[in-house]
Amino acid sequence: MSATSVNPPPGDATQPAGSRPAPVSVVSAEPALVRVRRELDAIIDISRAVSSTLHIDALLLRIMERTTDLMQADRSTLFVVDAEKGELWSKVMQGNEPHTITLRIGDGIAGWVAEHNQGMKLDDVYTDARFDKTWDEKSGYRTRSLLCVPITDKDGDVVAVIQCLNKRGRGFDAEDEHLLACIGTQCAVAIENAFLYASLAHANAELQVLYDVEQEIAGAHDLHTMLSGVLERLQTLMKVELAALLLCNANGSQVFSLRRDTPSFDVRAVDARETQQLLLHAQLPVARYADESGAVAELLIAKDTALDVRETYSAPVFDGRVLIGVLQVGNRVRKLGAAALDIDEPSMLRLLALVSAQLARGIVALHEREAGERAERLALLGHSVGAILHDMRTPLTAVAGYVELMTAEPSTEVRREHAARVGRALEHMEAMTHEVLSFARGQREVLIGKVYLNKFVEEVREMLVPETARAGVTLEVEAKYDGVARFDESKVKRVIFNLARNACQAMGRGGHFRWTIDRVGEQLVFECADTGPGIPKEMEGRLFESFATHGKTGGTGLGLAMAKKIIDAHCGQIGVRSRPGHGATFRIEIPL
């Protein structure tokens, strides 16, 4: 191959005046070009791999697989940092099943890299005292060379560590270290997106469990039907092999159980000794494992089962302050790539406690209907859960919209902005989820606090953008007053969301929605105006009644009723001005 030279551009300050520039050999530049090409190809390859899934387990395994090929190593491991626990964890494949491995931050090479935020390259790992050779001794694998680099977030904090072992043919060099750092940069964004997605998936999964359990409770006409339906829902939605309930009542104690190894719903009587033993283990929601309490788990499943009980999660069932039973699920079914299946232990316990509270209320409601009061109780439960689900639509739309934008956005900074918006929407959804229990009990308290309107208005606007854009509606927000007010921020957000959603549905495809924020004397005034057809005559006089709806497909008739209850609780007022064919304007006044 012949060498070719290229001259620098005119005016290059590196060349003395009047001198001829030295020729640059293409041959000498070729290794550098090959190296850059390899790095670009690696980054593109990893980008394609990490963009193909948002499930954290599948993502880690995919990153490790591609990194191993790109680095020409025997194997690679990506450890995720859990700062709260002071641990690193990763997923490895054993056979066809993923398994989690953990180590303390500071332990081993990966732990040291995570602790010191500094990469490490070893040509012979056995010469370094920090290397833990236990795995080599157990597996028979011989680790020779190692390259390990930290992965940091935008604040410089270590969020993960990526490690490669035994480069084929030779040891790792500085070029490999630079390449692995580039791969790590791509991984950081992918890991952040995967955790945001997992958070959303978990929130949706929890809401689905609560809603489906509530549906089973509300639709049941007797105890047997209700409990069989609830346990079947729990088994399916929480992805467990067994679900069981011990119930103590005036007629004696019974265990209702459902197991994956048999389709039958089992009901059996429990004597006083078994009942007492079970109740002693259910004073608080607790996770128990077979090596500690296998005998207790056996009491909740039928005696003749051949199911191997590995782990159980239990929660007490209270009627008021009286402990009336134990709800238990066990043996989580773990499957790679399904985020809703990978619920951690605290989430399992929290969800089980919510379900046990729902179940207790359902049992009480069933007894009250037999006494002539059940219909009213079930109406309250259905109304409360329906209201929460109704109000979840706007933040869910916002989250879905911004997650979709993140997947197509090349700018890291813009993705972070979208991620922040997703985080705020998830916080709002979490606050609404916590209201499920209070709404189910018929409580309507508001938590009045100081609200900075500029921040409040921006957060509401961010979540209204996807809602209105999806309906082809233009959104206008005019803040004539941006000072401080006092109201329940979460609940007033829901009022604005409901009015905006109703306006979008009324206008169909297209239109204009305007939200104005002003101060009149000592009143905070919100006005929400649309260019729709106006309030139909059929709805005059009953616009703010529960379940009153007209002409909307899938409408619940709860939005305006809930809005009025919230404004009434603030000692405020809500009204509407409308003319047929000229839209509607809702006016809200809240004392400052």
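The structure displayed is predicted, hence computed values, not measured ones.

Reading guide: rules and limits
- Residues numbered from 1 in each chain as written.
- Predicted model: local features only at pLDDT ≥ 70, side-chain atom pairs only at ≥ 80, totals over all residues.
- Heavy atoms only, no water.
- Core = buried A, V, L, I, M, F, W, Y, C linked by side-chain atoms within 4.5 Å.
- Buried < 20%, exposed > 50% of the residue type's maximum accessible area, 1.4 Å probe, protein only.
- Contact = heavy atoms within 4.5 Å.
- pLDDT = per-residue confidence, 0-100.
- Salt bridge = Lys/Arg side-chain N within 4 Å of Asp/Glu carboxyl O.
- Helix = DSSP H or I, 4+ residues; strand = E, 2+ residues; numbered from the N terminus.
- Pairing = 2+ DSSP bridges.
- Axes fitted to C-alpha atoms, helices over the stretch in contact; angles between N-to-C directions.
- Expected span 1.5 Å × (residues − 1).
- Polar contact = N/O pair within 3.5 Å; in protein donor to acceptor, adjacent residues only side chain to side chain.
- Patch = residues over 30% accessible without salt bridge, like charges linked within 9 Å, V, L, I, M, F, W, Y side chains within 5 Å.
- Areas by Shrake-Rupley, 256 points an atom, 1.4 Å probe, with all protein chains shown as cover.
- Lys, Arg positive; Asp, Glu negative; His and termini not counted.
- Charge placed at Lys NZ, Arg CZ, Asp CG, Glu CD.

> So what's going on with the nonpolar core? Residues and values would help.
In a soluble, globular protein the nonpolar side chains are often hidden away together inside. Ranked by size, the top nonpolar core spans 49 residues in total, and within it Phe456, Phe487, Trp515 and Phe526 carry the most contacts. With residues near it in sequence (within four places) discarded, Phe526 still touches Phe456, Val492, Ile496, Trp515, Thr516, Ile517, Phe586, Arg587 and Ile588. Among the nonpolar cores identified, the runner-up in size contains 33 residues, and Val213, Leu247, Phe256 and Leu349 belong to it.

> Residues and numbers for the confidence of the model for the chain, please.
For residues with low pLDDT, the predicted coordinates do not support detailed interpretation. Of all residues in the chain, 68% have pLDDT values of 70 or greater, and the mean over the chain is 75. Segment residues 289–296 is flagged for pLDDT under 50; beyond a separation of four residues in sequence, or across chains, it makes eleven contacts in the model. Confidence drops under pLDDT 50 across residues 336–341; counting only partners more than four residues distant or on other chains, this segment forms 16 contacts.

> Please give an account of the pattern of salt bridges that cites residues and values.
Inspection of the entire model under this criterion finds 16 salt bridges. Across the pair Arg514 and Glu476 runs a salt bridge whose closest N-O atoms are separated by 2.9 Å. Taken together, the residues Arg514 in strand E16 (residues 512–520) and Glu476 in strand E14 (residues 474–479) connect sequence positions 38 residues apart. With relative accessibility at 28%, the residue Arg514 sits in the partly exposed group. Connected through shared salt-bridge partners, Glu527, Arg577, Arg587 and Glu589 make up one network.

> Give a description of unusual backbone geometry that names residues and reports values.
You will see that Asn117, though not glycine, has its phi angle at about 50 degrees, which is positive. In this fold, Asn117 is placed in the loop between helix H3 (108–116) and strand E4 (120–122). At Asn166, a residue that is not glycine, the phi angle is positive and equals roughly 55 degrees. Classification of Asn166 by relative accessible area gives buried; the value is 1%.

> Before we move on, could you go through the sheet that holds strand E18 (residues 573–578) and cite the residues and values that matter?
Spatially, the five strands line up as an open sheet ordered E14-E16-E17-E19-E18, and their pairing is mixed. Looking at strand neighbours, the two that pair on one side only are E14 and E18, the edges of this open sheet. Across the sheet, the mean angle separating the axes of adjacent strands is 15 degrees when strand polarity is ignored. In this fold helix H13 (residues 453–470) packs onto E14, E16 and strand E17 (523–530), with an angle of close to 175 degrees to the strand it touches most, E14.

> Describe helix H14 (residues 489–507), with residues and values.
Helix length check: H14 (19 residues) gives 27 Å between terminal C-alpha atoms against 27 Å at 1.5 Å per residue, within 8%. Counting buried positions along H14 yields 16 of 19 residues, so the element is predominantly enclosed. Near the N-terminus of H14, the side chain that reaches the backbone nitrogen of Ser490, with its oxygen 3.3 Å away, is that of Asp488. Looking at the residues trailing H14, positive phi occurs at Gly508, about 70 degrees.

> Mind laying out a negative patch on the surface, listing which residues take part and the relevant values?
A contiguous patch of negative charge on the surface is contributed by Asp107, Glu115, Asp132 and Glu137. With respect to the element layout, Asp132 can be found in the loop between E4 and helix H4 (134–139). A residue is classified by how much of its surface remains accessible, and Asp132, at 48% relative accessible area, is partly exposed.

> Mind laying out the pairing of strand E5 (residues 146–152), listing which residues take part and the relevant values?
For E5, the buried fraction is high: five of the seven residues fall into the buried class. With three bridges connecting them, E4 and E5 associate as antiparallel partners. By the bridge assignment, Met120 is partnered in E5 with Cys148. For E5 and strand E6 (residues 158–167), the ladder comprises seven bridges, and the chain directions are antiparallel.

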